Amino acid sequence: MTYPDALSPEAFATVSLGMVRHGVAVPGVLTCVHLESAAALEARHLTLLHEKERQRLEELRADSRRLGFFLGRVAGKLSVRALGITAPLHAVEIAPGVFEQPIVKGTGDEPPLVSLSHTRAVAVAVACGPEHILGVDVELVDPQRTEVFESVMPPRELAMARHAPASGDLAVNVLWAMKEALSKALRCGLTTPFEILETDAFEPHSDGGWSCLFRNFAQYRARAWVLGSHVVAVVTPKHSVIHITPGDLERVRQVLGRDVPRS
């Protein structure tokens, strides 16, 4: 597989989710992409975008929104390519659905499903076949944002976070990322009441990281990992088990580590 010259090799990582459902392997990948700032967007970067994506980018005025849009589209396209789609990146469009959910177009076959998330200068995407479901979220752990998360979490979730075998603040961020990833899997985003997304059975996973179920969506489960200053969460159907190798998690952590506030 070849990768775009417009990105430096250390600026992205694509890894397998190692997903298995009822003993059968299910193709699924996770991609993480980093770029310093929207001011760094150059002509060579824009060649990765579809014509309609470039038009939408030009409509965005805030640098943070331009950067997030670009990174999300590139992360999604690299995930799609890792599934075996051979169309050039600029020929693939990731269009917005009615709830701004990403819709893949231009692959030539039945399009795969993609979920996107970004924070500051990194974006994370997951992709799988159209018959499956995935959702992803990435969060930069920040004490100020932790307070916001706590303010909209029900008492039961806060109690789970405080009793988790980790700092309460970190557990709050992990739980929040899991809820956001569920909203992406449901393809509605945070347009639904927060209490509908309430987690259950939150605990460390034997494979590393954390896992949880959901009180109102028993057919889903979440996995999450703390990678440096970030949390990455992936939601799958309950019986689709994922296993990202330690080496692959380290590759993702290195890309995420480029998105750390400098003093």
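Residues numbered from 1 in each chain as written. Predicted model: local features only at pLDDT ≥ 70, side-chain atom pairs only at ≥ 80, totals over all residues. Heavy atoms only, no water.

Notes on the nonpolar core
In this structure, L7, V33, L48, F70, L71, V74 and L78 are the most contacted members of the largest nonpolar core, which totals 32 residues. The element that contributes the greatest number of residues to this core is helix α3 (residues 63-82), accounting for eight residues. The contact partners of L48, leaving out residues within four places of it in the chain, are P4, A6, L7, F70, V74, K77, L89 and H90. Formed by 28 residues, the second largest nonpolar core is a distinct cluster that contains M153, A177, C212 and V235. (Core = buried A, V, L, I, M, F, W, Y, C linked by side-chain atoms within 4.5 Å. Buried < 20%, exposed > 50% of the residue type's maximum accessible area, 1.4 Å probe, protein only. Helix = DSSP H or I, 4+ residues; strand = E, 2+ residues; numbered from the N terminus. Contact = heavy atoms within 4.5 Å.)

Considering the packing of helix α4 (residues 143-151) against helix α6 (residues 168-185)
In the contact formed by α4 and α6, the axes pass within 10 Å of each other and the chain directions differ by 65°. The two elements α4 and α6 cross, and the hand of that crossing is left-handed. Contact with α4, carried on its side by T146, F149 and E150, involves D169, V172, N173 and W176 of α6 and no other residues of that element. Each residue belonging to the contact of α4 with α6 can be placed in one class, and the counts come to three nonpolar, two polar and two charged. (Axes fitted to C-alpha atoms, helices over the stretch in contact; angles between N-to-C directions. Left-handed = near helix turned anticlockwise from the far one by under 90°. Nonpolar A, V, L, I, M, F, W, Y, C, P; charged D, E, K, R; others polar.)

Details of the packing of aromatic side chains
What characterises a pair of aromatic rings is the spacing of the ring centres plus the angle enclosed by the ring planes. If you walk through the whole model with that rule in mind, you get four aromatic pairs. With a centroid separation of 4.5 Å and an interplanar angle of 10°, the aromatic rings of F149 and W176 are classed as stacked. One end of the pair, F149, is in helix α4; the other, W176, is in helix α6, with 27 residues separating them in the sequence. A centroid spacing of 4.9 Å and a plane angle of 10° characterise the contact between F202 and W210, whose relative ring orientation is stacked. Accessibility classification places F202 together with W210 in one group, the buried group. Taken together, the ring pairs in this structure connect F149, W176 and F194 into an aromatic cluster. (Phe/Tyr/Trp six-rings, centres within 6.5 Å; stacked < 30°, edge-to-face > 60°.)

Here's the deal with the sheet that holds strand β14 (residues 240-241)
Read from one edge to the other, the open sheet built from three strands follows the order β3-β2-β14, with strand pairing classed as antiparallel. Here the strands that pair on one side only, and so sit at the sheet edges, are β3 (24-26) and β14. As defined by bridge partners, strand β2 (residues 19-21) adjoins β14 across two bridges and the pair is classed as antiparallel. Bridged to R21 within β14 is S240. (Pairing = 2+ DSSP bridges.)

Some thoughts on the pattern of salt bridges
Inspection of the entire model under this criterion finds eleven salt bridges. The partner of E53 in a salt bridge is K77, and the shortest N-O contact between them spans 2.8 Å. Of this pair, E53 sits in helix α2 (residues 51-59) while K77 sits in helix α3; the two residues are 24 residues apart in sequence, bridging distant segments of the chain. Judged on exposure class, the residue E53 and its partner K77 are both buried. Between E139 and R145 there is a salt bridge, and its shortest N-O distance comes to 2.7 Å. Through salt bridges with shared partners, a single network forms among R156, E198, D200 and R215. (Salt bridge = Lys/Arg side-chain N within 4 Å of Asp/Glu carboxyl O.)

Regarding α6
Side chains that are three or four residues apart share a direction in an α-helix, a result of its 3.6 residues per turn. Over its 18 residues, α6 runs 26 Å from end to end, which matches the ideal 26 Å to within 8%, given 1.5 Å per residue. Along α6, 14 of the 18 residues are buried, which leaves the element largely enclosed by surrounding structure. (Expected span 1.5 Å × (residues − 1).)

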